[in-house]
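Structure assessment
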Amino acid sequence: MKRAFEDWWDCDGEWVEPPNIRRNGESGVKRVIDAELGMLYIKRQVNHLYRSFRHPFGRPTILREQKALQAFAGYGVDVPVLVFCEMRKRGDQWQSVLVTRDLAGYEEMPHWYAHGGRERLGADVHRRMLEKLGRTLAQIHLHRWQHTCLYPKHVFLSSHLAEDGLPHIALIDLEKCRKQPTRGWAAQRDLKKLQRHAHMLSADEWQAVLQGHRAGMSGQ
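Residues numbered from 1 in each chain as written. Predicted model: local features only at pLDDT ≥ 70, side-chain atom pairs only at ≥ 80, totals over all residues. Heavy atoms only, no water.

**Re the environment of aspartate 12**
The following threshold applies: Every helix listed is a DSSP run of H or I at least four residues long, and every strand listed is a run of E at least two residues long, numbered separately from the N terminus. Note on exposure labels: buried denotes an accessible area under 20% of the residue type's maximum, exposed denotes more than 50%, and partly exposed covers the range between, all computed with a 1.4 Å probe on protein chains only. We call two residues in contact whenever any of their non-hydrogen atoms come within 4.5 Å of each other.
Here aspartate 12 lies in the loop between helix 1 (5-9) and strand 1 (14-22). Residue classification places aspartate 12 among the exposed positions, given a relative accessible area of 68%. Look past the residues within four positions of aspartate 12 in its chain and what remains in contact with it is Lys30 and Val32.

**Some thoughts on the nonpolar core**
It is characteristic of soluble globular proteins that their nonpolar side chains tend to be buried jointly. We apply this condition: As used in this record, nonpolar core signifies buried Ala, Val, Leu, Ile, Met, Phe, Trp, Tyr and Cys residues forming a set joined through side-chain atoms within 4.5 Å.
Grouped together as the largest cluster of nonpolar side chains are 35 residues, with contacts concentrated most on Phe72 and Leu171. Sorting the residues of this core by element identifies helix 2 (61-74), helix 3 (109-114), helix 5 (123-141), strand 10 (155-161), strand 11 (167-171), helix 6 (183-197) and helix 7 (203-217) as the ones contributing at least two each. Filtering out sequence-adjacent residues up to four positions away, phenylalanine 72 remains in contact with Val77, Val79, Ile140, Trp145, Leu171, Leu174 and Cys177. If you look at the next biggest cluster of nonpolar residues, it comprises eleven residues, including Phe5, Trp9, Val32 and Leu40.

**A few points about the pairing of strand 3 (residues 38-46)**
Put simply, the test is: Between any two strands, at least two bridges found by DSSP are needed for them to pair.
The pairing of strand 2 (residues 25-34) with strand 3 spans nine bridges and is antiparallel. Residue pairing across strands places valine 29 opposite lysine 43, the latter belonging to strand 3. A loop of three residues connects strand 2 with strand 3, the two strands running antiparallel in sequence. In terms of strand pairing, strand 3 meets strand 7 (residues 93-101) through seven bridges, oriented antiparallel. When the bridges of strand 7 are listed, tyrosine 41 appears paired with threonine 100.

**Some remarks on unusual backbone geometry**
Phi at asparagine 47 is positive, roughly 50°, even though this residue is not glycine. Within the secondary structure, asparagine 47 sits in the loop between strand 3 and strand 4 (49-50). Residues other than glycine seldom take positive phi values, yet arginine 144 does so here, at roughly 70°. Relative to the elements of secondary structure, arginine 144 occurs in the loop between helix 5 and strand 9 (145-146). For arginine 144, a relative accessible area of 33% translates into the label partly exposed.

Shown next as structure tokens:
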């Protein structure tokens, strides 16, 4: 049975990101255990808006995250599964809810490395994984999508291996994603940000990411 907006809005859970003021609005994330769906993350926002040429007075940022989640999944990029997304206007306030499934069996990139992920794979397989990361990013850049907030903590790696013998790679926190005029523009900004903060990777390892990205952008 489909659940109503109020059911998700009023759902009890643990705040993993307590409500805070951003963009002159309020945003927070709860973690809940649902008997039917398992572990979920519920993002609740009040007047948390983005503005654009089409929407100069603002639209809830949750709509942009919903669009990115659906688009990336369509490109074959692993992202959290979207369960529910809806908004409503109460007086002069926008209230928005976005619900996604937990990425079970995944760790954010810094934790994966801190817990011995590189050593478990071995040098050759690890390099192939980094090339896979580059190709994964190329899938969104080919469609002119820019993640915009591409920190290592927003790249998730699975503890289990895919059919290619490599960890699955997922992207999270897509609320700032946007289309750019060109593929190159989208790619350049994301890659620069990731490189700047991916301190766990050596210069040679970062070159493997770029190699995979170039291959992905050229359709190889």
